[in-house]
Amino acid sequence: MQYRYEQVAEIIAAKIRNGEWHIGQKIPGEIELAREYGVGRSTVRETLNILQQKGMIEKRHGSGTYVTENKKIMENPLLLLSSVGTMIKDAGYQAGSIFRSTTHELSTGHIQRKLNLSEDDKIVVVNRASTAESIGDKAFSHILEYLRPGITEKDVALELEYHMKKNGAEGLSFDTIAASGMNSSMPHAIPTDKTLNKGDFLTMDFGCIYEGYCSDMTRTVAIGKASDSMKYVYDTVLKAQTESMNMIKPGVRCNDVDAVGRRIIADAGYGDCFGHGLGHSVGLFIHENPRFSPKCDDILKPGMVITVEPGIYIPGQFGVRIEDLVVVTEDGYRNLPGSDKKLI
């Protein structure tokens, strides 16, 4: 079995955290590691370089490589969690990939279990996601003052991104979506030079990273006055989201939550205009499992952070998506964003 260097890095990080490789211990040499994991020495060197950059190991001239004595990182699982997550993302690895070493799917939850995070540490993790979402809230409040006919979708996206970074974001969770008019009928539209016009719907999907954790929010607003048909679609999407969120609590199956929102949209006559899942988990990566989708029968558990984002996309006309990020609690859920969802 052959591993990639980011997989080897994840295995070694787990060994260090679990104490299998203790602080100050000399680790095996390049040849031995290459043989153990069935990789070339260049892969081993890349692995060790990443771990060294993250402060997990140190190379001592003439005597080999040792587990770092940087106790700030090694004895703090939260710092190590963020470090491992950043290391894997820097390597281009995506959530949902499978580590051959464990046969587990790569996700925040999997890495947390590897690092044996305490319940208090998990609360800190949720708080980081909440802080990231609050940065998005501020950006949305700001953009409402900025919007006007004549500016472009690109202007909107750049302004959102600038405001998030100016207010504490380390980076973006994903490429910002700003889609107006007919472009809003495309769920994953790329911002263009199209100008905002009166009578347009504008859908904005944006998020940022704070201390390694992602946020995700979508709001649809009207530029000027919305037509009656636009209002009907918007109200339908909002109802689908509200009723779906009311289902969220520990023990509920993900596909049952998805079914609630999907049924409301179908009953309104737009079943064929909702082609994606109702939501996805969020953490160190922007798209993780479990998901709210017809195919996911995972059970909700306290501490899960997951989006609820129904949408209706009418080809050639317009689209509406409303998205919140929620955390599953012991008896229900907590909605992380505070931005208003009434039609603006």
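Each remark here, short or long, concerns the structure printed above.
Residues numbered from 1 in each chain as written. Predicted model: local features only at pLDDT ≥ 70, side-chain atom pairs only at ≥ 80, totals over all residues. Heavy atoms only, no water.

Q: Is there a simple way to think about the pattern of salt bridges in this case?
A: Two side chains that carry opposite charge are able to pair once their charged atoms sit near each other. Taken as a whole, this structure holds 11 salt bridges when the rule is applied. The salt bridge involving Asp-324 is made with Arg-219; its shortest N-O contact spans 2.8 Å. Within this pair, whereas Asp-324 is found in strand S14 (residues 324–328), its partner Arg-219 is found in strand S8 (residues 217–223), the two being separated by 105 residues in sequence. Asp-324 sits in the buried class, given a relative accessible area of 0%. Connected via shared salt-bridge partners are Glu-30, Arg-41 and Arg-45. (Salt bridge = Lys/Arg side-chain N within 4 Å of Asp/Glu carboxyl O. Helix = DSSP H or I, 4+ residues; strand = E, 2+ residues; numbered from the N terminus. Buried < 20%, exposed > 50% of the residue type's maximum accessible area, 1.4 Å probe, protein only.)

Q: Is there a simple way to think about the pairing of S14 in this case?
A: Look at any regular strand and the pattern is simple: side chains alternate between the two faces of the sheet. Burial analysis of S14 places five of its five residues in the buried class, the great majority of the element. On S14, burial covers both faces: Asp-324, Val-326 and Val-328 on one face and Leu-325 and Val-327 on the other are all buried. Strand direction decides the pairing type here: strand S11 (residues 305–308) and S14, joined by four bridges, are antiparallel. Residue pairing in the sheet places Thr-307 in a bridge with Leu-325 of S14. Bridging between S14 and strand S15 (residues 333–335) involves three bridges; their strand directions are antiparallel. The partner of Val-327 across the bridge, within S15, is Arg-334. (Pairing = 2+ DSSP bridges.)

Q: Quick question: what am I supposed to make of the packing of aromatic side chains here?
A: Any pair of aromatic rings gets described here by the distance separating the centres and the angle formed by the planes. Inspection of every chain in the model, using the stated rule, returns three aromatic pairs. A ring pair is formed by Phe-201 and Phe-318, whose centres lie 5.5 Å apart and whose planes are at 70°; its orientation type is edge-to-face. Separated by 117 residues along the polypeptide, Phe-201 in strand S5 (residues 200–206) and Phe-318 in strand S13 (residues 318–321) bring together distant segments of the chain. On the basis of relative accessibility, which here comes to 8%, the residue Phe-318 falls in the buried class. Geometrically, the ring pair formed by Tyr-232 and Tyr-270 is tilted, given 6.3 Å between the ring centres and 50° between the ring planes. Here Tyr-232 is found in helix H9 (residues 228–246), whereas its partner Tyr-270 is found in the loop between helix H10 (254–267) and strand S9 (279–281), with 38 residues between them in sequence. Under the relative-accessibility criterion, Tyr-232 is labelled partly exposed at 43%. In this arrangement the basic side chain of Arg-262 is found over the ring face of Phe-274, its NZ or CZ atom lying 4.3 Å from the centre. (Phe/Tyr/Trp six-rings, centres within 6.5 Å; stacked < 30°, edge-to-face > 60°. Lys NZ or Arg CZ within 6 Å of the ring centre and 35° of its normal.)

Q: What exactly am I supposed to notice about the sheet that holds S5 here?
A: Through backbone hydrogen bonds, the strands of a sheet pair up, either in parallel or in antiparallel fashion. Strands sit in the order S4-S5-S8 across an open sheet of three strands; the sheet is antiparallel. With one partner strand each, in any of the chains shown, strand S4 (177–180) and S8 form the two edges of the open sheet. Going across the sheet, the axis of each strand differs from the next one's by a mean of 15°, ignoring polarity. Sheet topology places S5 next to S8; seven bridges connect them, and they run antiparallel. By the bridge assignment for S8, Met-204 is matched with Arg-219. (Axes fitted to C-alpha atoms, helices over the stretch in contact; angles between N-to-C directions.)

Limitation: the analysis is restricted to geometry and does not speak to function.
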